[in-house]
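# Secondary and tertiary structure notes
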Amino acid sequence: MFVALSKRPDPLARYQYLQTIKPELSVANQGLAAQMSAFALSELGLYSRAVLEFPLRMEPVPGLILPEAQAWQAEDALDVIAREAASRRIVMINEVHHNAQTRALTLQLLPRLRAAGFTHLAIEALGNDPDLTERGYPLRSSGTEYLQEPLYGEIVRQGIRLGFILVPYDDDSAAGNTQARESGQARNLYDRVFAKDPQARLVVAAGYAHVDKAIGRLGRARPMAMALAELTGVDPLSVDQAQFVEAQRNGEDDYQLLTARFPSDVPEVLVDRTSGRPWSAAPKLYDISVISPRSLTLGALGAAEVDDPVHGRYRILNSGMQMATQAFVAFNDMQRPAWLTLGGQRRSYPIDTRLCREQIPCVVEAHYVGEPDLATPADIYAFLKPTSSTKLYLRPGRYRLLARSDQGRTLSQTVVDVAGP
């Protein structure tokens, strides 16, 4: 499966291949295929579908007592992290690889950290691309496939625009050996940043438990953050986004209980009302727990929501979207999540399948004018059924809309202007 995936040139080809072979796989490998499908869906701009394809839930924190509103208050995660980072030398913030909502927070945080004096930005997905900073944008060849997802590409562009020194740090030689990879990442960060500039201040974008400062979520392995702290003598500010992120529309897990207790439209951090200390669900592992806002509403899934005195608050009017019994077949009826506006920085631009010239499936990419087809797009959307429409989310400016077939053939190309507020 992995050999065949490596030969597929783009996320749509990978997704279609995985859907074809999934019925032939063992149960265990079907789960792996679902994870790889979720990566592809995220890279195709089908963000809600990606989360639902692979509803990842971290193991509950043992003995966790959830905060109560009497003692804790919710604050915007951007404000809390920037405040806590002001006196630190290293800030590490993790992500869930198939859930680009966790990348949006990192992207929005970068200007604040640069203004606070941080100098280096280490990005897990980056590979060896010596021309990247001068060029100003990532290509497909700039790193792993994660860089093909638009929000990840924007993190790279933003880092360059703000003047960060970009640092690739993953250890490709340690495949299959967790401890070797964690140690290798820490050694790369030390050698490429602090050995060259002892006064550097570093932001690290990482996945999952790489940001942990103690043994725990990686079994017996010592995580990258723990190893880097020992190499530098610097205690990093570690921010976790993986524990409390949406994986299903409803239920009674810790995430659902917290978001019901502390509702918010933006990523939030709970702060002690007396001391001002930010809450961490596992303080030995990380310093701050971020709670992502809910986005998997019935409306976002293409169903109408109404008050229904018989069946409760909601009634699903579109029977094709029965979440428990249907496999979310109406992909392109899903509204794109509101967090794609990036707090109002990006505007919506409507598109539909007319760009595809009646060829379905079809991928529509929005490229900055002046950037080539191989650059990570500013936004992307895959139409998987005819007569569909949606919205791209783009910063004010000029873009080249490129529609491609599943064979990579150009179907249409046009230049559009996205107006400011």
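In this report, the structure presented in the accompanying data block is examined. In this text the structure is predicted, and so the values were computed from the model without any measurement. (Residues numbered from 1 in each chain as written. Predicted model: local features only at pLDDT ≥ 70, side-chain atom pairs only at ≥ 80, totals over all residues. Heavy atoms only, no water.)

The next thing to look at is the overall build of the protein chain. Scanning the protein chain from terminus to terminus reveals eleven helices and 14 strands. For the protein chain, whose C-alpha radius of gyration is 21 Å, the value lies close to the compact-globule estimate of 22 Å for 421 residues. Out of the 421 residues belonging to the protein chain, those deemed buried represent 55%. Nonlocal contacts in the protein chain, meaning residues at least 24 apart in sequence, comprise 70% of its contacts between residues at least 6 apart. On the protein chain, roughly 18200 Å² of surface is accessible, and the fraction owed to carbon and sulfur atoms is 51%. One finds the centroid of the 45 positive side-chain charges in the protein chain at a distance of 2 Å from the centroid of its 48 negative side-chain charges. (Helix = DSSP H or I, 4+ residues; strand = E, 2+ residues; numbered from the N terminus. Rg over C-alpha atoms; globule rule 2.2 N^0.38 Å. Buried < 20%, exposed > 50% of the residue type's maximum accessible area, 1.4 Å probe, protein only. Contact = heavy atoms within 4.5 Å. Areas by Shrake-Rupley, 256 points an atom, 1.4 Å probe, with all protein chains shown as cover. Lys, Arg positive; Asp, Glu negative; His and termini not counted. Charge placed at Lys NZ, Arg CZ, Asp CG, Glu CD.)

This part is about the state of the cysteines. Scanning the entire structure with this criterion turns up one disulfide. Across a sulfur-sulfur distance of 2.2 Å, Cys 356 and Cys 362 are joined as a disulfide pair. Judged by the sign of its S-S torsion, about -80 degrees, the cystine formed by Cys 356 and Cys 362 is left-handed. (Disulfide = S-S within 2.5 Å.)

What the four strands build is an open sheet, ordered S11-S10-S13-S14; its pairing is antiparallel. Of all the strands in the sheet, just strand S11 (379–383) and strand S14 (410–418) have a single pairing partner and so form its edges. Put simply, the sheet's adjacent strands are angled 20 degrees from each other on average, direction ignored. In the sheet, strand S13 (residues 397–405) pairs with S14 via eight bridges, with the strands oriented antiparallel. Along S14, the bridge assignment pairs Arg 404 with Thr 410. (Pairing = 2+ DSSP bridges. Axes fitted to C-alpha atoms, helices over the stretch in contact; angles between N-to-C directions.)

A word on the nonpolar core. By size, the foremost hydrophobic cluster in this structure holds 49 residues, and its most contacted members are Ile 81, Leu 121, Ile 123, Leu 151, Val 156, Leu 166 and Val 290. It is helix H6 (residues 101–115) that provides the largest number of residues to this core, a total of six residues. Look past the residues within four positions of Ile 81 in its chain and what remains in contact with it is Ile 93, Leu 105, Leu 109, Leu 237, Val 239, Ile 288 and Val 290. With 28 residues, the next largest nonpolar core counts Ala 366, Phe 383, Tyr 399 and Val 416 among its residues. (Core = buried A, V, L, I, M, F, W, Y, C linked by side-chain atoms within 4.5 Å.)

Turning our eyes to something else, we now look at the environment of Tyr 349. Positionally, Tyr 349 belongs in strand S9 (residues 347–352). Distance from Tyr 349 to Val 364, taken between C-alpha atoms, is 12 Å for residues 15 residues apart in sequence. Contact partners of Tyr 349, with chain neighbours within four places excluded, come to Thr 390, Lys 391, Leu 392, Leu 394, Leu 401, Val 416, Asp 417 and Val 418.

It is at 9 Å that the axes of H6 and helix H8 (residues 150–162) come closest, and there the two elements cross at 5 degrees. Classified by the interaxial angle, the pair formed by H6 and H8 is roughly parallel. From H6, Arg 103, Ala 104, Thr 106, Leu 107, Leu 110, Pro 111 and Arg 114 reach across to H8, where they touch Leu 151, Tyr 152, Glu 154, Ile 155, Gln 158, Gly 159 and Leu 162. (Parallel < 35°, antiparallel > 145°, perpendicular 65-115°, else oblique.)

Taken as a whole, this structure holds five aromatic pairs when the rule is applied. The ring of Tyr 137 has Arg 135 sitting right over it, with the charged end atom 5.5 Å from the ring centre. Above the ring of Phe 118, the side-chain terminus of Arg 201 is found at 4.2 Å from the ring centroid. (Phe/Tyr/Trp six-rings, centres within 6.5 Å; stacked < 30°, edge-to-face > 60°. Lys NZ or Arg CZ within 6 Å of the ring centre and 35° of its normal.)

Looking now at helix H9 (residues 178–194). It helps to recall that an α-helix has 3.6 residues per turn; residues three or four apart then point in one direction. End to end, H9 covers 24 Å across 17 residues, agreeing with the expected 24 Å (1.5 Å per residue, within 8%). Of the residues making up H9, those classed as buried are Glu 182, Gly 184, Gln 185, Ala 186, Asn 188, Leu 189, Val 193 and Phe 194. At its buried positions, H9 is contacted by strand S2 (90–95), strand S3 (120–123), strand S4 (165–168), strand S5 (202–207) and helix H10 (224–232). If you check the start of H9, you find a side-chain oxygen 3.3 Å away from the backbone N of Gln 179, and it comes from Asn 177. (Expected span 1.5 Å × (residues − 1). Polar contact = N/O pair within 3.5 Å; in protein donor to acceptor, adjacent residues only side chain to side chain.)

A separate point is helix H11 (residues 254–261). If you check which residues of H11 are buried, you get Tyr 255, Gln 256, Leu 258 and Thr 259. The buried residues of H11 occupy an angular sector of 165 degrees when the element is viewed end-on, so they sit on one face. The elements touched by buried residues of H11 are strand S6 (237–244), strand S7 (268–272) and strand S8 (288–291). (Arc of directions from axis to C-beta.)

Moving on to the pattern of salt bridges. This model, assessed by the stated rule, comprises 29 salt bridges. Across the pair Arg 187 and Asp 191 runs a salt bridge, and its minimum N-O distance is 3.5 Å. Placement of both Arg 187 and Asp 191 in helix H9 is noted, with a separation of four residues, approximately one turn of the helix. Since its relative accessible area comes to 37%, Arg 187 is described here as partly exposed. Residue classification places Asp 191 among the partly exposed residues on the basis of a relative accessible area of 34%. Here Glu 365 makes a salt bridge to Arg 404, at a shortest N to O gap of 2.7 Å. Highlighted residues: Glu 365 in strand S10 (residues 362–368) and Arg 404 in strand S13, separated in sequence by 39 residues. Each member of the pair, Glu 365 together with Arg 404, is buried. Salt bridges sharing partners connect three or more residues here, namely Arg 88, Lys 213, Asp 235 and Asp 287. (Salt bridge = Lys/Arg side-chain N within 4 Å of Asp/Glu carboxyl O.)

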